[in-house]
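Summary of structural features
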Amino acid sequence: MRMFHSTRAAISSDACTAAFGYRPLIPTPRSRVGFGFSMEQSSSPLFFKQRQRQQHYQQLTCQASREVISTSKDVALVHGVSEMIVGVLGGGQLGRMLCQAASKMTIKVMVLDPLENCRASALSYDHMVGSFDDSATVEEFAKRCGVLTVEIEHVDVVTMEKLEQQGVNCQPKASTIRIIQDKYLQKVHFSQHNIPLPEFMQINDLEGAKRAGELFGYPLMIKSTSLAYDGRGIAAAKSEEELSSAVDALGGFDRGLYVEKWASFVKELAVIVARGRDISILCYPVVEIVHSQGTANVKWKIRECATEVAYKAVSSLQGAGVFAVELFVTRDGQILLNEVAPRPHNSGHHTIGSCYTSQFEQHLRAVVGLPLGDPSMNTPAAVKYNILDEDEGEHDFRLAHQLIGRALTIPGANVHWYDKPDMRKQRKMGHITIVGPSLGNVERYLANMLKEGSLDDKSADAKECPSCHSCNK
């Protein structure tokens, strides 16, 4: 039984320097788990450009404050940051963490989720019990909100389009959700915007799959166009003889399938990108996922290119919010876009404790229309450890409880438990973030936390990867 999963990610050294004015230190290969990063100030021209943009946002904030406290009878008073109710389609752990971020700014978050005791329910301003892919329910929910956003992309996009036509403020836009929902449509969209991708084509029958194999060679990656995430909806055919079984494993051609040329990648990267309602865009530092022992080491040019691809990808979409851009680095140094999530993501969970503005606060700022916050790091080093279930039953809960107990004795450690009622294989149950004065310091704390108890070394080579290649959804 292997229950705990961790990944290591390193913040892009020179991309961070270029984009944010900080340079991370490269992690040492001593630790098999977690990810860490350390940063120092830089005088990059791009850094000053970004700072000037942020200073401009700060000026706008001050101007807004002066208007709010005006005694003019023509100006409505706003109590707090915003009185707008943010409606979230979905009430899982991402919705829960959005509610936590909202509480700091007293922003009201209302969630729509079919589970009466969904993860976000206890922390939300209000919870409407109902399906977020049911048209009538979503329409009724939207009447109670000032802006509508998502914590999961598998929602009723037709209804969102209808609501937008009626004047409902949806962020990001329904057109973006539609593109992201269909993985093949997503590939087509990004290819039309000259964003580098693995070669791909749609298939409708076995003959089409065979033609793809002749064109792209084997192994061949076959993917579902919808409901494909966290490793689901993907099958590999190593030869023409395996095509039929791979297609059957995905539910057949009626489900909607496409193929991708096998990407012989050496690294997986991710960038959290925030886009404001004023079309301003800020990128968090590039992160890398490492599934087993080794040093996270990506050249600054690759990190810079990854940031540029992520920026361009999000620029091609419509609406505000936080986006997670997942990327491949090939053996010859190319950056290829894998996919984009139009919401906060597991790869950005570390930002809660390691950045000036967490991805969750940033998402709320963006959809409400507030200035975007500073995405740079506020600590010299940080490590995040994912708690995943590899089995089921009370035994795993006891193991998790023991790990959390040890984490609570560590300086700089913060436990995030998602309060899910039961465990299922590969289910994300929580995460632990440790911050400290150096990478070596936080890695030692993490190693001490993990060496006690019955955790086995295989936890470092988990196949599942946190959604950004630094942490997961």
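Residues numbered from 1 in each chain as written. Predicted model: local features only at pLDDT ≥ 70, side-chain atom pairs only at ≥ 80, totals over all residues. Heavy atoms only, no water.

**Focus: the packing of helix H5 (residues 157–165) against helix H6 (residues 174–181)**
Axis separation between H5 and H6 bottoms out at 9 Å; the angle between their running directions is 165°. In this view, H5 runs roughly antiparallel relative to H6, as classed from their interaxial angle. In this structure, the crossing between H5 and H6 has a hand that is left-handed. Where H5 abuts H6, its residues Val-157, Val-158, Met-160, Glu-161 and Glu-164 lie against Ala-174, Ile-177, Arg-178 and Gln-181. When its residues are assigned to classes, the contact of H5 with H6 shows five nonpolar, one polar and three charged. (Axes fitted to C-alpha atoms, helices over the stretch in contact; angles between N-to-C directions. Helix = DSSP H or I, 4+ residues; strand = E, 2+ residues; numbered from the N terminus. Parallel < 35°, antiparallel > 145°, perpendicular 65-115°, else oblique. Left-handed = near helix turned anticlockwise from the far one by under 90°. Contact = heavy atoms within 4.5 Å. Nonpolar A, V, L, I, M, F, W, Y, C, P; charged D, E, K, R; others polar.)

**Some words on the nonpolar core**
Core analysis: the biggest nonpolar cluster contains 26 residues, and Leu-269, Leu-327 and Leu-337 have the highest contact counts within it. At the level of elements, H6, strand E9 (265–275), strand E10 (281–283), helix H10 (300–315), strand E12 (321–330) and strand E13 (335–341) are the ones that each hand at least two residues to this core. If one sorts the elements of this core by residue count, H10 sits on top with six residues. Excluding anything up to four places from it in sequence, Leu-327 contacts Lys-267, Glu-268, Leu-269, Val-271, Ala-306, Val-309, Ile-335, Leu-336, Leu-337 and Asn-338. (Core = buried A, V, L, I, M, F, W, Y, C linked by side-chain atoms within 4.5 Å. Buried < 20%, exposed > 50% of the residue type's maximum accessible area, 1.4 Å probe, protein only.)

**Topic: the pairing of strand E7 (residues 234–237)**
A one-sided burial pattern is seen for E7, the buried positions being Ala-235 and Ala-237 and the unburied ones Ile-234 and Ala-236. Here four bridges tie strand E6 (residues 220–224) to E7, and the two strands are oriented antiparallel to one another. Its bridge partner being in E7, Lys-223 is matched across the sheet by Ile-234. (Pairing = 2+ DSSP bridges.)

**Quick word on unusual backbone geometry**
Cis geometry is adopted by the peptide bond preceding Pro-172, which originates at Gln-171 and carries an omega value of -5°. A cis amide bond, omega 0°, links Tyr-218 with the succeeding residue Pro-219. Along the polypeptide, Pro-219 turns up in the loop between helix H8 (206–216) and E6. Of note, the phi angle at Thr-106 is positive, near 55°, even though the residue is not glycine. When you line up the elements, Thr-106 lands in the loop between helix H3 (93–105) and strand E2 (108–113). The residue Ile-279 is not glycine, and still its phi comes out positive at about 70°. Following the sequence through the fold, Ile-279 ends up in the loop between E9 and E10.

**As for the sheet that holds strand E16 (residues 428–436)**
Sheet strands pair via backbone hydrogen bonds, and the direction of the pair is either parallel or antiparallel. Read from one edge of the open sheet, three strands run E14-E16-E15, paired in antiparallel fashion. Edge strands, defined here as strands with exactly one partner in the open sheet, are strand E14 (381–388) and strand E15 (413–417). When strand polarity is set aside, the average angle formed by the axes of neighbouring strands in this sheet is 15°. Sheet analysis places E14 next to E16, joined by eight bridges and oriented antiparallel.

**Structural notes on a negative patch on the surface**
Judged by side-chain charge, Glu-214, Glu-240, Glu-241 and Glu-242 come together as a negatively charged surface patch. Checked against the element boundaries, Glu-242 lands in the loop between E7 and helix H9 (243–249). (Patch = residues over 30% accessible without salt bridge, like charges linked within 9 Å, V, L, I, M, F, W, Y side chains within 5 Å. Areas by Shrake-Rupley, 256 points an atom, 1.4 Å probe, with all protein chains shown as cover. Salt bridge = Lys/Arg side-chain N within 4 Å of Asp/Glu carboxyl O. Lys, Arg positive; Asp, Glu negative; His and termini not counted. Charge placed at Lys NZ, Arg CZ, Asp CG, Glu CD.)

**Brief notes about the side chain of Asn-338**
Structurally, the position occupied by Asn-338 is in strand E13. Excluding residues within four positions of it along the chain, Asn-338 makes contact with Lys-187, Lys-223, Glu-326, Leu-327 and Phe-328.

**Considerations on the environment of Gly-208**
Locating Gly-208 in the fold gives a position in helix H8. Given the relative accessible area of 4%, Gly-208 is considered buried. Residue contacts for Gly-208: discarding those within four places in its chain leaves Met-201 and Ile-203.

**A word on the packing of aromatic side chains**
Applying the stated criterion across every chain, the model contains three aromatic pairs. Residues Tyr-184 and Phe-200 carry aromatic rings whose centres are separated by 5.8 Å and whose planes lie at 75° to one another, so their mutual orientation is edge-to-face. Taken together, the residues Tyr-184 in helix H7 (residues 183–192) and Phe-200 in strand E5 (residues 200–203) connect sequence positions 16 residues apart. Given the relative accessible area of 21%, Tyr-184 is considered partly exposed. Counting every residue linked through ring pairs, the aromatic cluster contains Tyr-184, Phe-200 and Tyr-258. (Phe/Tyr/Trp six-rings, centres within 6.5 Å; stacked < 30°, edge-to-face > 60°.)

**Description of the environment of Leu-123**
Tracing the backbone shows Leu-123 in the loop between E2 and strand E3 (126–129). Under the relative-accessibility criterion, Leu-123 is labelled partly exposed at 38%. For the pair formed by Leu-123 and Cys-99, sequence separation is 24 residues and the distance between their alpha carbons is 5.9 Å. Here Leu-123 is in contact with Arg-96, Cys-99 and Gln-100, once residues within four sequence places are set aside.

**Concerning the sheet that holds strand E8 (residues 257–261)**
Strands sit in the order E5-E8-E6-E7 across an open sheet of four strands; the sheet is antiparallel. Either end of the sheet is taken by a strand with one partner, and the two such strands are E5 and E7. This sheet shows a mean twist of 30° between the axes of neighbouring strands, independent of strand direction. Where E6 lies against E8, five bridges are found, and the strand directions are antiparallel. Directly across from Leu-220, in E8, lies its bridge partner Lys-261. Relative to E5, H7 is tilted by about 145°, and along the sheet it contacts E5, E6 and E8. Strand contacts of H8: E5, E6 and E8, with the helix running at about 165° to E5, the strand carrying the most contacts.

**Overview of the environment of Leu-227**
If you trace the backbone, Leu-227 turns up in the loop between E6 and E7. Judged by its relative accessible area of 47%, Leu-227 falls in the partly exposed class. The spacing of Leu-227 and Gln-181 is 46 residues in sequence and 7.5 Å in space, taken between C-alpha atoms. In this structure, Leu-227 is in contact with His-154 and Arg-255, ignoring residues within four places of it in sequence.

**Topic: the confidence of the model for the chain**
Residues at a pLDDT of 70 or more form 75% of the chain, whose mean pLDDT is 79. Averaged over each element, pLDDT in the chain is lowest for helix H2 (residues 45–68) (36) and highest for strand E4 (residues 147–150) (98). Counting interchain partners and residues more than four positions distant, the pLDDT-below-50 stretch residues 292–296 has 18 contacts. Low pLDDT, under 50, characterises residues 453–473; the predicted model gives this stretch 108 contacts beyond four residues in sequence or across chains. (pLDDT = per-residue confidence, 0-100.)

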